[in-house]
Amino acid sequence: MPTSLLSSLFSFITPLLFFFSVGFLLLIMKMINPNSSFKLPNHTITGGGWSSHGPPTYPLIGCLISFYKNRRRLLDWYTDLISESPTQTISIRRLGATPIIVTANPANVEYILKTNFSNFPKGKPFTEILGDLLGHGIFNVDGELWASQRKLASHEFSTKSLREFVATIFEEEVRDRLLPLLESAVQHHLTLDLQDVLKRFTYDTICKVSLGTDPCCLDLSRPSPPLVEAFETAAQICAARAAAPVYVIWKIKRALNVGSERKLKEAVRIVHSSVQEIIVNKRNHLMAMGKDDDDGAIAAQGKTDLLSRFLLAAGDDDEEESSHIVRDMVVSFIMAGRDTTSAAMTWLFYALSRDRAAADKLLDEIVTNTINTDDDDYDSLKNMKYLHACLCETMRLFPPVAWDSKHAANDDVLPDGTRVKKGNRITYFPYGMGRMKPLWGGDWFKFKPDRWFDQESLSNNKVKVGVLKPVSPYVFPVFQAGPRVCLGKEMALMQMKYVVTSILKRFEFEPVSLQHSVFVPHLTAQMAGGFKVRVKKRRNQPSTSMKTKHMDPTI
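Residues numbered from 1 in each chain as written. Predicted model: local features only at pLDDT ≥ 70, side-chain atom pairs only at ≥ 80, totals over all residues. Heavy atoms only, no water.

**Student:** If you had to explain the overall build of the protein chain to someone new, which residues and values would you point to?
**Tutor:** Helix and strand content of the protein chain: 21 helices and 13 strands. Here the protein chain holds 555 residues, and 52% of them are scored as buried. Considering only contacts in the protein chain between residues 6 or more positions apart, those separated by 24 or more positions represent 72%. Accessible surface computed for the protein chain: about 24900 Å², of which carbon and sulfur atoms make up 55%. (Helix = DSSP H or I, 4+ residues; strand = E, 2+ residues; numbered from the N terminus. Buried < 20%, exposed > 50% of the residue type's maximum accessible area, 1.4 Å probe, protein only. Contact = heavy atoms within 4.5 Å. Areas by Shrake-Rupley, 256 points an atom, 1.4 Å probe, with all protein chains shown as cover.)

**Student:** Which residues make up helix α8 (residues 194-210), and what are the values?
**Tutor:** End to end, α8 covers 24 Å across 17 residues, agreeing with the expected 24 Å (1.5 Å per residue, within 8%). With 16 of 17 residues buried, α8 lies mostly within the body of the structure. Between the side-chain oxygen of the N-cap and the backbone nitrogen of Gln 195 there are 3.1 Å, and the N-cap of α8 in question is Asp 193. Just downstream of α8, Gly 212 is the residue with a positive phi angle, here 75°. (Expected span 1.5 Å × (residues − 1). Polar contact = N/O pair within 3.5 Å; in protein donor to acceptor, adjacent residues only side chain to side chain.)

**Student:** How would you summarise the sheet that holds strand β3 (residues 89-92) if you had to cite specific residues and measurements?
**Tutor:** Here 4 strands make up an open sheet; going across it, the order is β3-β4-β9-β6 and the pairing mixed. Among the strands making up the open sheet, the edge pair consists of β3 and β6 (404-407). Adjacent strand axes in the sheet meet at a mean angle of 25°, parallel and antiparallel pairs treated alike. Relative to strand β9 (residues 425-428), β6 runs antiparallel, the two sharing 4 bridges. If you follow Lys 406 over to β9, its bridge partner there is Ile 426. (Pairing = 2+ DSSP bridges. Axes fitted to C-alpha atoms, helices over the stretch in contact; angles between N-to-C directions.)

**Student:** Outline a nonpolar patch on the surface, listing residues and values.
**Tutor:** A surface patch of nonpolar side chains, about 220 Å² in accessible area, is lined by Val 248, Ile 252 and Leu 256. With respect to the helices, strands and loops of the structure, Leu 256 is situated in helix α10 (residues 247-256). Residue classification places Leu 256 among the partly exposed positions, given a relative accessible area of 43%. (Patch = residues over 30% accessible without salt bridge, like charges linked within 9 Å, V, L, I, M, F, W, Y side chains within 5 Å. Salt bridge = Lys/Arg side-chain N within 4 Å of Asp/Glu carboxyl O.)

**Student:** Could you give me a rundown of helix α9 (residues 226-242), with the residues and numbers involved?
**Tutor:** Taking 1.5 Å per residue, 17 residues should reach 24 Å; α9 reaches 25 Å between its end C-alpha atoms and fits that length. All buried positions along α9 are accounted for by Leu 227, Val 228, Ala 230, Phe 231, Glu 232, Ala 234, Ala 235, Ile 237, Cys 238, Ala 239 and Arg 241.

**Student:** Can you tell me about the side chain of Asp 328, naming the residues and giving the values?
**Tutor:** Here Asp 328 lies in helix α14 (residues 319-338). Among the polar contacts made by the side chain of Asp 328, one reaches the main-chain amide nitrogen of His 136 at a distance of 2.9 Å. There is a polar contact of 3.0 Å between the side chain of Asp 328 and the side chain of Arg 327. Not counting chain neighbours up to four residues away, the residues in contact with Asp 328 comprise Leu 134, Gly 135, His 136 and Gly 137.

**Student:** Could you give an account of the sheet that holds strand β5 (residues 191-193), with specific residues and numbers?
**Tutor:** Pairing within the open sheet is antiparallel, and its 3 strands lie in the order β5-β13-β10. Each having just a single partner strand, β5 and β10 (507-511) make up the two edges of the open sheet. Looking at each pair of strands side by side, their axes are set apart by 45° on average, direction ignored. Where β5 meets strand β13 (residues 532-537), 3 bridges bridge the pair, whose relative direction is antiparallel. Pairing of Asp 193 across the sheet is with Lys 532, part of β13. Contacting β5, β10 and β13, α8 crosses the sheet at an angle of about 55° to β5.

**Student:** Describe the pattern of salt bridges, listing the residues and the values that go with them.
**Tutor:** Going through the model one piece at a time under the given rule, you end up with 30 salt bridges. Here Glu 393 and Arg 396 are joined by a salt bridge, their closest N and O atoms 2.8 Å apart. Here the residue Glu 393 and the residue Arg 396 both occupy positions in helix α17 (residues 385-397), the gap between them amounting to 3 residues, near one helical turn. For Glu 393, a relative accessible area of 0% corresponds to the buried category.

**Student:** So, the packing of helix α7 (residues 160-187) against α8: which residues are in play, and what are the values?
**Tutor:** With their axes 10 Å apart at the nearest point, α7 and α8 run at an angle of 145° to one another. The crossing of α7 and α8 is right-handed. Judged by residue contacts, Phe 165, Val 166, Ile 169, Phe 170, Glu 173, Val 174, Arg 177, Leu 178 and Leu 181 of α7 engage Val 197, Phe 201, Asp 204, Thr 205, Lys 208 and Val 209 from α8. Per-class residue counts for the contact of α7 with α8 are 10 nonpolar, 1 polar and 4 charged. (Left-handed = near helix turned anticlockwise from the far one by under 90°. Nonpolar A, V, L, I, M, F, W, Y, C, P; charged D, E, K, R; others polar.)

**Student:** Go over the packing of aromatic side chains with me, naming the residues and quoting the values.
**Tutor:** For the structure on display, the rule yields 24 aromatic pairs. By the ring-pair criterion, three or more aromatic residues cluster together here, those being Phe 67, Trp 77, Tyr 78, Trp 347, Tyr 350, Phe 398, Trp 403, Phe 429, Tyr 431, Phe 519 and Phe 531. The side chain of Arg 71 reaches across the aromatic face of Tyr 68, ending 4.0 Å from its centre. When the ring centre of Tyr 431 is taken as origin, the NZ or CZ atom of Arg 435, which lies over that ring, is 3.7 Å away. (Phe/Tyr/Trp six-rings, centres within 6.5 Å; stacked < 30°, edge-to-face > 60°. Lys NZ or Arg CZ within 6 Å of the ring centre and 35° of its normal.)

**Student:** Account for the environment of Thr 341, naming residues and giving values.
**Tutor:** Mapped onto the fold, Thr 341 is located in helix α15 (residues 340-353). Relative accessible area serves as the criterion here: at 13%, Thr 341 is assigned to the buried category. Beyond its immediate sequence surroundings of up to four residues, Thr 341 is in contact with Thr 202, Ala 492 and Met 496.

**Student:** I'd like a rundown of the confidence of the model for the protein chain, residues and numbers included.
**Tutor:** Per-chain confidence: the protein chain averages 84 in pLDDT, with 81% of residues scoring 70 or above. Below pLDDT 50 for its whole length, residues 24-52 participates in 38 contacts with residues either more than four positions away or in separate chains. (pLDDT = per-residue confidence, 0-100.)

**Student:** Can you break down the state of the cysteines residue by residue, with the values?
**Tutor:** Applying the stated criterion across every chain yields a total of 0 disulfides. We note that Cys 216 lacks a disulfide partner, and the nearest cysteine sulfur, in Cys 217, lies 7.9 Å from it. Among the cysteines around Cys 390, which has no disulfide bond, Cys 392 carries the closest sulfur, lying 9.5 Å off. (Disulfide = S-S within 2.5 Å.)

**Student:** Break down unusual backbone geometry for me, with residues and values.
**Tutor:** One non-glycine residue, Gln 88, lies in the positive phi region at around 55°. Along the polypeptide, Gln 88 turns up in the loop between α3 (74-84) and β3. For Gln 88, a relative accessible area of 17% gives the class buried. Notably, Cys 216 is not glycine yet its phi reads approximately 55°, a positive angle.

**Student:** Run through the side chain of Asp 416, naming residues and quoting values.
**Tutor:** Examined against the element boundaries, Asp 416 turns out to sit in the loop between β7 (412-413) and β8 (419-420). Arg 419 provides the closest opposite charge to the buried, salt-bridge-free Asp 416, at an N-O distance of 10 Å. Within the structure, the side chain of Asp 416 is placed 2.7 Å from the side chain of Thr 89, a separation counted as a polar contact. Discounting chain neighbours no more than four positions away, the residues touching Asp 416 are Thr 87, Thr 89, Asn 105 and Asn 108. (Lys, Arg positive; Asp, Glu negative; His and termini not counted.)

What follows is the structure, encoded as structure tokens:
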């Protein structure tokens, strides 16, 4: 049978198989208990017993029906359920899937990510979802393999030469590509998808930093490189795996090599072969130049990208084995950096387009701190507290990674009393945490950068901007926390500040649509349909920070 026909047939049969399975199970239960109305009980099964909060749950099939009904709004469904739970923790049981405990409780998050870190690794069920793409890279492994990669990456990220290299890459990309692109849009009265532009920007920069290659994604006259297209496809299909109502379906599709799994296999082949080719060329180039472990010599040669550093650190290790490990590490860093910062910046511009007061205040801070500088520089960013607050507030409402999961290595009890069984999946939920009234107050739904400042300092009329207050990373875990805290956190924040400042000093955006945008939780968050804007040159008055016909601070 031709593969295309088999794929079409499987796509047709899959939903029928799902509903037949559910109907069959309900029929069996009805035969067992004829007097039962089988009205779904409004409770969920947790490790500690029955809870009055959670999705309607059946024996055997768990909450499969509710999950399927809410499959297109999982984030808000989970958030609604958690907000009704007195502990901000719920349990989800699905047919064919590991039981999931979802929590927005900071005490639980700290316990999982720090206090009892060793008992909550990524786990095989999670690493299987991303394993085809990430292999044994740092973000998809546990134990000694993770520790050794973490140690190497931590050392490289702490070097001054890498920080300077990354800063130079961003400055060049902003100056030579991003700003000219926006200028061209002004001159030719073009409408741009700002999300797409920023994604192309971050792809260029992360490939330069990670691989030492330039995909030229910001050149809109050129088609996207195969590596970029394949990475996008692979990421979306892996995200769909994680959100599948029944896990066994994607596993069957993978075994049969049909449908989305066939596409994933081809996309992963392109990603791995492309990166492997770059590794071979890079290794040959380094050998020709002469290996030198001195970081200063590497910098002098201009070879300060992560790939060069990892290859030099590997030294004389088995070439084939080290190439695969380096490949997986580099792919992991591309995955981590390709969309996270672009997503945060896209949502920031969106939020500012709906809140004139915040936009005006931010522009005033930018102008004040850069008025005496001809060029954009990183030193001026250190004083931009309101910009920092705007970025944090954006990531509170629209976290680049909406949720992250671990798996219990052994039985345990979370601080809120939730019992965890060995093998249970534990998901901490930044998206939901940013919407919890106990954490952020009754106005959590508003874009309100001032919530990141000490309120007493804001009441002081002698200062324009108050004092930023410390917020626990377990209340705001967008960069993870504990031993797995994001190595590039400070670097990412500084780069986002640099890009946002460079843009807002020169341009203003007018959204094409005034409708609320939809948050889509792929592996990294995206805005459904993109963010279409008209680009205009910045007028001198600070009050024109973001032009829009309607301002609404409610997100």
